[in-house]
Amino acid sequence: MEPAGFGQDRTMQGWIMRHLCSLLATTLLTMSLAQGCGKRSVSGRIFNGQDAKDRAWPWQVSMQQNGFHICGGSLISESWVVSAAHCFDPSVAISAYRVQLGEKRIVSETPTKTFSSVNRIIPHPNYNSNSFLADIALVELEKPIAFTASISPVCLLNASIRVPAGKPCWVTGWGNTLPQVNSPRAEILQELEVLTIDSTVCNDRYREALQKPEGDNPIKDDMMCSGSMEGYKGTAWGDSGGPLVCEENGTWYLAGIVSWLLARKVNGVLTVSPDYPAVYNRPNAHNDWIQKNVPVHRVQLGENQIFDQTRNQTFSSVKWIILHPSFDSAPHQSDIALVELESLILLTATISPCVCLMPPSVCRLGHPVE
């Protein structure tokens, strides 16, 4: 194998400089657990929704128990899915669960379909089954899966981001096709565009319905609302754990996880109440917990030995990894990647650039021009 020659330097430098400029101008928006997240190959029931196209929502998974769909979920890395904590019964053996990926239909297992066994399920330790606080769970797949056009992860929002009210987003799922709990499930993945709703407005609506006193907010800080304030249009049973995603500059972010809704009995049948939006868990409210449990890339700087993380060493989390678009793993063509750190680091005597890609007037021999 021939080593990479220096003949590509000028081409590579142009590619690097273009990305460095765009990275410097980018606000801190995502916590990336997998490079290339949030991309779709094509430009829940979710009742009153529509059939999704193939590969439209490649992070959507079906959580199944004993071969039957119970909840949705979102792929966030090669080995991890995020769903709702209320979807899982601690008394059920892990071997009873599996994950279906990359399909828009709920299918029986065949050699052509993609299923994964589950290694473990981690519900949030603060999950409350009465208030649905911290209704989020991490599901580790038995083995890492390969990303394809129909299987790829969604991006997670940075903890500081609050999706504004009135933002058009999409919810997807295989839940019931009608408001009644005994109505049939969707055979094809359903998609529905919904608008996010101000949490104060949503709290007022739910507080009145649940006859809660002023200050007793059903919509907790780690929740958000989205959907219709009039009639039936939104999530139902079977959509729980599934994604609410919002698009920004061509990238899709996981804004919410389907959590709970208001229901009442009509002629003895439990039915979704009209005029109330769905309530979602905000996964980015739990980023610290996610990062604690899901291995992420990190960079160690300024040391000549590899250390575990301690207060005396300098580490940085990785915000984004950009592979060269012409990279080919077989001949190692364009074998270069840019790694963006989560935040700026301070240059010191032990931490400084080893090469300079800026114009000579700005930098000389890897050191800033004074």
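Residues numbered from 1 in each chain as written. Predicted model: local features only at pLDDT ≥ 70, side-chain atom pairs only at ≥ 80, totals over all residues. Heavy atoms only, no water.

(A) Representation of the overall build of the protein. Scanning the protein for helices and strands turns up 3 helices and 22 strands. Here the protein holds 370 residues, and 44% of them are scored as buried. Approximately 19600 Å² of the protein is accessible, and the part contributed by carbon and sulfur atoms is 51%. (Helix = DSSP H or I, 4+ residues; strand = E, 2+ residues; numbered from the N terminus. Buried < 20%, exposed > 50% of the residue type's maximum accessible area, 1.4 Å probe, protein only. Areas by Shrake-Rupley, 256 points an atom, 1.4 Å probe, with all protein chains shown as cover.)

(B) Summary view of the nonpolar core. Residues Trp57, Leu75 and Val99 are the most contacted members of the largest nonpolar core, which totals 41 residues. Those elements that place two or more of their residues in this core are β3 (60-65), β4 (68-75), β5 (80-83), β6 (97-101), β7 (114-123), β8 (137-141), β14 (251-260) and α3 (287-293). With 4 residues, β8 is the single largest residue contributor to this core. Those residues in contact with Val99 that lie beyond four places of it in its chain are Val61, Ser62, Met63, Val81, Thr114, Phe115, Ser116, Val118, Val139 and Leu141. Among the nonpolar cores identified, the runner-up in size contains 15 residues, and Leu192, Val194, Met224 and Val258 belong to it. (Core = buried A, V, L, I, M, F, W, Y, C linked by side-chain atoms within 4.5 Å. Contact = heavy atoms within 4.5 Å.)

(C) Geometry of the environment of Gly38. Tracing the backbone shows Gly38 in the loop between β1 (30-31) and β2 (50-51). Note on Gly38: relative accessible area 0%, which makes it buried.

(D) Highlighting the sheet that holds β6. The strand order around the closed barrel built from 6 strands is β3-β4-β5-β8-β7-β6, with neighbouring strands paired in antiparallel fashion. The mean angle between the axes of side-by-side strands here comes to 40°, regardless of whether they run parallel or antiparallel. (Pairing = 2+ DSSP bridges. Axes fitted to C-alpha atoms, helices over the stretch in contact; angles between N-to-C directions.)

(E) Local environment of the pairing of β7. Of the strand pairs in this sheet, β6 and β7 are connected by 4 bridges, and their pairing is antiparallel. Bridging from a neighbouring strand, Val99 pairs with Ser116 of β7. In this sheet, β8 lies alongside β7 in antiparallel orientation, the contact comprising 5 bridges. Note on β8: the bridge partner recorded for Ile122 is Leu138.

(F) Region of interest: the pairing of strand β16 (residues 269-272). Sheet topology note: the strand β15 (residues 263-266)/β16 ladder contains 4 bridges and is antiparallel. Within the sheet, the bridge partner assigned to Lys265 lies in β16 and is Leu270. Between the end of β15 and the start of β16, which pair antiparallel, lie 2 residues, with Asn267 showing a positive phi angle near 55°.

(G) The arrangement of the pattern of salt bridges in detail. Under the criterion given, the structure shown has 6 salt bridges. Asp221 serves as the salt-bridge partner of Arg162, at 2.6 Å between the closest nitrogen and oxygen. Taken together, the residues Arg162 in the loop between β9 (155-157) and β10 (168-173) and Asp221 in the loop between α2 (199-209) and β12 (223-226) connect sequence positions 59 residues apart. A residue is classified by how much of its surface remains accessible, and Arg162, at 46% relative accessible area, is partly exposed. In this structure, Glu248 and Lys167 form a salt bridge, with 3.0 Å as the shortest nitrogen-oxygen distance. Here Glu248, found in strand β13 (residues 243-248), pairs with Lys167, found in the loop between β9 and β10; they are 81 residues apart in sequence, far enough to count as distant. With relative accessibility at 36%, the residue Glu248 sits in the partly exposed group. Residues joined in a network through salt bridges with shared partners are Asp204, Arg207 and Glu214. (Salt bridge = Lys/Arg side-chain N within 4 Å of Asp/Glu carboxyl O.)

(H) Representation of the state of the cysteines. Applying the stated criterion across every chain, the model contains 4 disulfides. Across the disulfide, Cys37 is cross-linked to Cys155 (sulfur-sulfur distance 1.9 Å). Across the disulfide from Cys37 to Cys155, rotation about the S-S bond amounts to roughly 100°, and the bridge is consequently right-handed. Exposure class is identical for Cys37 and Cys155. Each is buried. (Disulfide = S-S within 2.5 Å.)

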